[in-house]
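Residues per chain are reported as follows:
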Amino acid sequence: MFITVFLDFINTFAGEYKLKLFFLVVLSIIAAVCEFLGLSLIYSFAILLSKNTLTIPLLGQISAANQSKGALLLGLLVAFTYIFKDVFMIAYINFQNTLVANITNHIFKKNYLVFMGQNYFVTRKLSDSDKQRILGTSVSLIMTDFISGTLSLFANLIVALGILSYLFIKFNTTALIVTIFIFLIWFCENFYLKSRAKKYGEMLHNSERAKSDFTLSTLCAQKDVIIYNKKDEFTKYAYKIQEEYSKCKKDMNTNKGMPTYITEIGVMGAFILFVILQLVKNPDGAILGAGLAAIAAVILRIIPAINKTQNCLYAINSSKCEAQWFIKVMKTLEATEGKINDSREKLPFNNKISVKNANFYYDEKTHALKDINFEIKKGEFVGILGPSGSGKTTLFNLISALFEPQSGIIKADENIICSSNVKMWQNNISILSQEFSLPFKTIWQNVVFEPDESKFNLYKQEEIQTALTKAGIFDELNADIFKNPKELSMGQKHRVALSRAFYYDREIIMLDEATSALDVETENEISATIESIKGQKTVIAIAHRLKTLKNCDKLIYMAEGKIIDTGTLNELMQRHESFRRLVELSQF
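Residues numbered from 1 in each chain as written. Predicted model: local features only at pLDDT ≥ 70, side-chain atom pairs only at ≥ 80, totals over all residues. Heavy atoms only, no water.

Participant: Could you clarify how one ought to interpret the packing of aromatic side chains in this entry?
Facilitator: Two aromatic rings, taken as a pair, are described by how far apart their centres are and by the angle between their planes. A complete count under the given rule lists 16 aromatic pairs for this structure. Ring centres of Trp444 and Tyr459 lie 5.9 Å apart, and the angle between their planes is 50 degrees; this geometry places the pair in the tilted category. Within this pair, whereas Trp444 is found in helix H12 (residues 443–448), its partner Tyr459 is found in the loop between H12 and helix H13 (461–470), the two being separated by 15 residues in sequence. Three or more aromatic residues joined by ring pairs make a cluster, and in this case those are Trp444, Phe456, Tyr459 and Phe482. (Phe/Tyr/Trp six-rings, centres within 6.5 Å; stacked < 30°, edge-to-face > 60°. Helix = DSSP H or I, 4+ residues; strand = E, 2+ residues; numbered from the N terminus.)

Structural data, given as structure tokens:
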């Protein structure tokens, strides 16, 4: 039932807006009263024109002598009633849309914080397209179709009930029969269209996700598509997905357009039934004429309300799948342990990092890391080496608390790193990962990681320049820190990302393949820079090319998720034939 999903969504994401949502219902009742009053006046107007005399509460008796004045007065009252109602509804719609926009903004902010406040291991399970959908199109779709649709449904149902209540008061038995007829038409129509709307909504939801996933993956693989001459195959498959998406969209839009015409057929059938019943029940020409005038007015007022109700139901049923998926994903994220305690303080780090009996696995069958034990003293330069798939990057993520071990502990001095202090620990760390990001339009923004370009004056330009110089990129930029990183080569981008780690100047610098995209000369310069802070900072680095790590205080040699040994480069070469081969295959 969609109402259950609606209440679940509001309770989960917008509980503080319940009072304002209830106020919308009250406003809808006022609109329904206006409809009831307007129809009453229309009926009185028709009676007056037919019988020449009429007694109206508050206005008294209107006789034949002042019929024209009475008719003018009633006509003006009808006009002003509906003008007031329409102005009121304009204000109502503005209030509803403002409320929906505020709730949308609230949900976006809340969900963005949930994403940024999660253990990285949790959010990385979602595809990039699903992340974009949750933080972008999904919220807009749900608020526009599902939430606004539900609110509009309540409003139009209340207005429709106000119109029908007038029929019951004036024409009771006849109105009951006509209402039952309309309800049966509406029920059959809704029953048929509801299942189709749900079906097409689910199909469109899945089709949009598939289309988005493939588009993103294609953009990432564009070079490979060109080099391997796969343009035709990728285009053919993309077109197939697009065809499926367009068919879903076409079916949904066709189904969406049907209620208007089915409703009109049903209401006109009800009108014919009403005329027949009135002729049988009351052949008086004046009363019959007034009744037909009233029912004509009712039809003119109720058809739009019923059409809007059907459109709302269609929007609700077609977007319910999206809302259910959204609620499920966000509840899972919110319920997941490992949320970041957003602290600006630093966890004390004076002696060493200790990893004891740490185990980590991406699924229950396969260990990515098994029984990991080692220590890193403050000020040491430690390298992590091993063949691809040995667990280096996973270990890197554990030390930086982006991942949490399923068993075992990681300690800074005597403090066990856990969800309550993970952010305090991370405040000691500067990081450069393989999957670095330069999301902003200028170099300086990407160095300080500032999304707002207008806040340049809040940062010291000398510190930005120093960081870029340490990374060996400042001179190549010709001192232009406002340059767009899209104009840089991959190696230059890598160095800009590296300069961010130098800019934050934290106690621990963690580098995952920090020199992998650099030329030999720049690699030597960066390696010299890293060695120059040896003893001043704790440096933990992963590298396949051993030139970066040849002067480490200690190397951690890994294979198949285990630590094989720790020691200096020479010690490991003497003790392990496999390590010596790894060194021989590496370029110095």
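Having seen the structure, we can now continue with the description.
Participant: Explain unusual backbone geometry to me, please; I cannot follow it from the model alone.
Facilitator: Excluding glycine, most residues fall at negative phi; most peptide bonds, likewise, are trans. We note that Ala401 has phi near 65 degrees; this positive angle belongs to a residue other than glycine. Residue placement: Ala401 occurs in the loop between helix H10 (392–399) and strand S6 (407–412). Even without glycine at this site, Phe449 takes up a positive phi of about 60 degrees. Examined against the element boundaries, Phe449 turns out to sit in the loop between H12 and H13.

Participant: Before we go on, may I ask you to explain a nonpolar patch on the surface in this structure?
Facilitator: A surface patch of nonpolar side chains, amounting to about 710 Å² of accessible area, comprises Phe168, Leu176, Ile180, Phe183, Leu184, Phe187 and Phe191. The topology assignment puts Phe191 in helix H6 (residues 137–220). (Patch = residues over 30% accessible without salt bridge, like charges linked within 9 Å, V, L, I, M, F, W, Y side chains within 5 Å. Areas by Shrake-Rupley, 256 points an atom, 1.4 Å probe, with all protein chains shown as cover. Salt bridge = Lys/Arg side-chain N within 4 Å of Asp/Glu carboxyl O.)

Participant: Would you mind showing me how to read the confidence of the model for the protein here?
Facilitator: Scored by pLDDT, the protein has a mean of 79; 81% of the residues are at 70 or more. S6 holds the highest mean pLDDT among the elements of the protein, 93, whereas strand S1 (residues 54–56) holds the lowest, 51. (pLDDT = per-residue confidence, 0-100.)

Participant: Which parts of the structure should I look at to understand the sheet that holds strand S12 (residues 562–567)?
Facilitator: Hydrogen bonds between backbone groups are what pair the strands of a sheet, and the pairing can be parallel or antiparallel. Ordered in space as S8-S9-S10-S5-S11-S12, the six strands form an open sheet in which the pairing is mixed. The two strands at the open ends of the sheet, each matched to only one other strand, are strand S8 (429–432) and S12. Neighbour-to-neighbour, the strand axes of the sheet open up by a mean angle of 15 degrees, direction not taken into account. Looking at chain direction, strand S9 (residues 508–512) and strand S10 (residues 538–542) are connected through five bridges and run parallel. (Pairing = 2+ DSSP bridges. Axes fitted to C-alpha atoms, helices over the stretch in contact; angles between N-to-C directions.)

Participant: Whenever I open this one, the nonpolar core confuses me. Can you help?
Facilitator: Note that soluble globular proteins tend to have their nonpolar side chains buried in a common cluster. Counting residues in each nonpolar core, the largest one holds 56 residues, and the members touching the most others are Phe9, Phe146, Ile147 and Phe326. If we skip the residues at most four places from it in the chain, Phe326 touches Phe9, Phe13, Ile107, Asn111, Ile134, Ser138, Val139 and Ile142. Among the nonpolar cores identified, the runner-up in size contains 39 residues, and Phe474, Leu488, Ile530 and Val539 belong to it. (Core = buried A, V, L, I, M, F, W, Y, C linked by side-chain atoms within 4.5 Å. Buried < 20%, exposed > 50% of the residue type's maximum accessible area, 1.4 Å probe, protein only. Contact = heavy atoms within 4.5 Å.)

Participant: I would appreciate a short explanation of the pattern of salt bridges in the present structure.
Facilitator: When their charged atoms lie close together, side chains carrying opposite charge are able to pair. The final tally for this structure, using the stated rule, is 12 salt bridges. Among the salt bridges present, the one from Glu380 reaches Lys554, with a minimum N-O distance of 3.7 Å. Taken together, the residues Glu380 in the loop between strand S4 (366–377) and strand S5 (381–385) and Lys554 in strand S11 (residues 554–559) connect sequence positions 174 residues apart. Lys537 is paired through a salt bridge with Asp505; the nearest N and O atoms lie 3.0 Å apart. With Lys537 in the loop between helix H15 (520–532) and S10 and Asp505 in the loop between helix H14 (490–504) and S9, this residue pair connects regions lying 32 residues apart in the sequence. A cluster of three or more residues bridged by salt bridges with shared partners is formed by Glu577, Arg580 and Arg581.

Participant: For this particular structure, what's the right way to read the side chain of Asn397?
Facilitator: Summarising the element assignment, Asn397 is placed in helix H10. Owing to a relative accessible area of 10%, Asn397 belongs among the buried residues under this scheme. Discounting chain neighbours no more than four positions away, the residues touching Asn397 are Leu402 and Phe403.

Participant: Explanation requested: the sheet that holds strand S3 (residues 352–363) in the structure shown.
Facilitator: As summarised here, the arrangement of the four strands in space is S4-S3-S6-S7, forming an open sheet in which the pairing is antiparallel. Of all strands in the sheet, those bounded by a partner on one side alone are S4 and strand S7 (415–416). Here S3 pairs with S4 via eight bridges, running antiparallel. When the bridges of S4 are listed, Ser354 appears paired with Glu375. Its contacts with the sheet put H10 on S3, S4 and S6, and the angle it makes with S4 is roughly 55 degrees.

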